[in-house]
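The chain contents come next:
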Amino acid sequence: SKSLSDEENLKLFGKCNNPNGHGHNYKVTVTVRGEIDPVSGMVINLTDLKEYMQEAIMEPLDHKNLDKDVPYFAEVVSTTENVAVFIWENLKKLLPMGTLYKVKVYETDQNIVVYKGEETI
C-alpha cells in the first residue's frame, strides 16, 4: 500500500510484501441468477458468459503485473478482495442487469474471497 510505510506494509502483508511484486494463479468462479429461459433452459447462454468473462477478466488481468499493468490498481491495493471487486465491476457492465450474483476468487486453496456487490439497506 502506497499509504503505508515499509515497516507497516511488512507487518500487514508479510511475505506478500515484495517491492518487486509477486505472482498468483487465481481461479475465478462466477455465479449468475435469474429466470430460466424455457426454451434454452439457461439463465444466460454459457457461450455468452464465457465471452463476458474473457473480456472482463482474462483480457485485463491474465499474465499482467496488476500493480503496473492494470490502471485500476494504480491507486487500489491489489489484494484478492480488490481483485474480486474489480472483476465484479467489469462483469456487471457486460451481463444483463440483475444476473450477476457472486464472484469467487481463489488466491490459493485456503485463501478465497467471495464478493456479491455492495449491499444496500
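Keep in mind that what you see is a predicted model, and the values were worked out from it rather than measured. (Residues numbered from 1 in each chain as written. Predicted model: local features only at pLDDT ≥ 70, side-chain atom pairs only at ≥ 80, totals over all residues. Heavy atoms only, no water.)

We now examine the nonpolar core. In this structure, Leu 61, Ile 87, Leu 91 and Val 103 are the most contacted members of the largest nonpolar core, which totals 22 residues. Contributing elements (two or more residues each) for this core: helix H2 (46-61), helix H4 (80-94), strand E2 (100-106) and strand E3 (112-115). Top element by residues in this core is H4. It accounts for 7 residues. (Core = buried A, V, L, I, M, F, W, Y, C linked by side-chain atoms within 4.5 Å. Buried < 20%, exposed > 50% of the residue type's maximum accessible area, 1.4 Å probe, protein only. Helix = DSSP H or I, 4+ residues; strand = E, 2+ residues; numbered from the N terminus.)

Now for the pairing of E2. Relative to E2, strand E1 (residues 27-32) is paired through 6 bridges, and the arrangement is antiparallel. Its bridge partner being in E2, Thr 31 is matched across the sheet by Lys 102. (Pairing = 2+ DSSP bridges.)

This next bit is on the sheet that holds E1. The strand order E1-E2-E3 describes an open sheet built from 3 strands, whose pairing is antiparallel. The open sheet has two edge strands with one neighbour each: E1 and E3. Each adjacent strand pair in this sheet contributes to an overall mean axis angle of 15°, direction not counted. Summarising the sheet, E2 and E3 pair through 4 bridges and their orientation is antiparallel. Across the sheet, the residue bridging to Val 105 is Val 113, located in E3. Sitting on the sheet, H4 is in contact with E1, E2 and E3, with an inclination near 145° to E2. (Axes fitted to C-alpha atoms, helices over the stretch in contact; angles between N-to-C directions. Contact = heavy atoms within 4.5 Å.)

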